[in-house]
Amino acid sequence: MSVLIETSLGDLVIDLHVKRCPQTTLNFLKLCKIKYYNFCCFHNVQKDFMVQTGDPTATGKGGESLFGILYGPQRRYFPAEIHPKLKHKNKGTVSMAVASDGKEGGDVSGSQFFITTGENLDYLDGKHTVFGEVAEGFDVLEEINNVYCDDTGRPYKDIRIKHTIVLEDPFEDPEGLQVPDQSPLPTQEMLETIRIAEDESIEPELPPDEMEKLLRRKEAAAQALTLEMIGDIPFAEVKPPENVLFVCQLNPVTQDEDLELIFSRFGQIDNCEIIRDKKTGDSLCYAFIEFENREDCETAYFKMNNVLIDDRRIKVDFSQSVSKIHNDWLKTKMTKRGSIGYGGSENLERRTQYRGGNDAPPRSKYEMVFEERERPHSDTRKTSQDRDSHQDDYGYRERDRDDRRERDRNSRYRNDRHDRDKDYMESKQDRDFRDKDSGRTRRPDERSDRRPLPRRDSRSASPRRISDERVSLDRRNRDRARDNGRHPSRSSSRDYKRDRRRVV
């Protein structure tokens, strides 16, 4: 049980699973028999996934089943037959498109079907009715798979079903089925779905020679655009100059002056240069001659081709090189402000000027980021001698300030040390006098220079006394840290503990 489908790209032969899906195969066979699919287009092509057809309106929302044609719109769809053993495993699997009727488990089918163009599409299993597979015509299926489509998946050029032939039909025709003697003509609704007909060509129909020229022209334009993007030529539409001749097959002994003298009889020559090796300076036997106007260049081309110069017949042609134009463009492109302009164009320079006027004072490099006050033009310019003298004065002041700080720091340190030693000696003398008056004798292991500890009335000092001591110590620590150039918090705790032991 199979069906032959003739498309605009070739024929497809589909074998049907009649026993496992009897109602679906009956619907498909009878629709093919009454030529319902004739002139239907493949309205949904998703590469390497599936190709869908069977909708006369080419919208994906039309079509009706055989039962809707026989019994009216209320029977437009029929329940889907989903067989658990039929899978979307192989390429070329034919399935019926399934829609939901809004009820739980109420999937229905009509006339639309699709053919898979990929393998192992197991996520379609249990959702769509598999009722056949492609037996012949996989090359046609691959060609449909590779067509150009729009964003909705419809091909730009129509691919339509021309004819359907039922090769074997095991079912009897239902009552009321009318089989036409010949293929019917497409309806007006079908004709309105035409985009680019199958007999129309997207590519222009030209002779082979002209087609080859067209392809070469397109390829040259693409290459020129690439050269423009990488910066090898100024712009893609650049053309070689028409007043420059290319001369080749020269004798190595021919000099620039000789060649210019020979060609100068045709008109004024702006430049005549024989190309030479960079290292050795030997002639490479070809040259470029630039005339002042194009007419003189054309006259020299017709007169000097195959002329004998220094026992060599030279070849003359119009130059196709844009190297000189490119070099000139690079030079003008790097031109600074205030000259002829950027890239040889005065308009480009004018567009980069955010503030008009050529006598505007120079600004800093952040003038477009921060607003600055206008300063006199004379103040903004300083000579290098002034800047050097200013830097020397600043350095001298820095060194002088450092020397003064060092002298003050050393003087304070000596004074503090002298005061501490004086206090210590006075306290030692007082302790010795007290010991002498009381008749107390020292132990042998007792140090004579032991500093007296402060007497305390209780286990801890009063909070007021500690706070006053801490304030005075913090003030001294800040002064000392400022003189030493370090942060006071780094040494405050250590200095506080050390000075607490010195308080009597």
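Describing the packing of aromatic side chains
Next up, step 1: Under the counting rule described, the total for this entry stands at twelve aromatic pairs.
Next up, step 2: Ring geometry for phenylalanine 28 and phenylalanine 113: centres 5.2 Å apart, planes at 85°, overall edge-to-face. Here the residue phenylalanine 28 occupies a position in helix α1 (residues 22-33), and phenylalanine 113 occupies one in strand β7 (residues 107-116), the gap between them amounting to 85 residues.
Next up, step 3: By relative accessible area, phenylalanine 28 is classed as buried at 0%.
Next up, step 4: On the numbers, 5.9 Å between centres and 75° between planes, the contact of tyrosine 36 with tyrosine 37 is edge-to-face.
Next up, step 5: Judged by relative accessible area, which is 17%, tyrosine 36 ranks as buried.
Next up, step 6: Among the residues examined, tyrosine 37 registers a relative accessible area of 0% and is labelled buried.
Next up, step 7: Taken together, the ring pairs in this structure connect Phe28, Tyr36, Tyr37, Phe113 and Phe131 into an aromatic cluster.
Next up, step 8: Cation over ring: arginine 160 sits above phenylalanine 39, and NZ or CZ is 4.4 Å from the ring centre.

Let's talk about the side chain of threonine 57
Next up, step 1: Within the secondary structure, threonine 57 is located in the loop between β4 (50-53) and α2 (66-71).
Next up, step 2: At a separation of 2.8 Å, a polar atom in the side chain of threonine 57 contacts the side chain of aspartate 55.
Next up, step 3: Apart from the residues within four sequence positions on either side, threonine 57 is in contact with Gly62, Glu189 and Thr193.

Calculation criteria
Residues numbered from 1 in each chain as written. Predicted model: local features only at pLDDT ≥ 70, side-chain atom pairs only at ≥ 80, totals over all residues. Heavy atoms only, no water. Phe/Tyr/Trp six-rings, centres within 6.5 Å; stacked < 30°, edge-to-face > 60°. Helix = DSSP H or I, 4+ residues; strand = E, 2+ residues; numbered from the N terminus. Buried < 20%, exposed > 50% of the residue type's maximum accessible area, 1.4 Å probe, protein only. Lys NZ or Arg CZ within 6 Å of the ring centre and 35° of its normal. Polar contact = N/O pair within 3.5 Å; in protein donor to acceptor, adjacent residues only side chain to side chain. Contact = heavy atoms within 4.5 Å.

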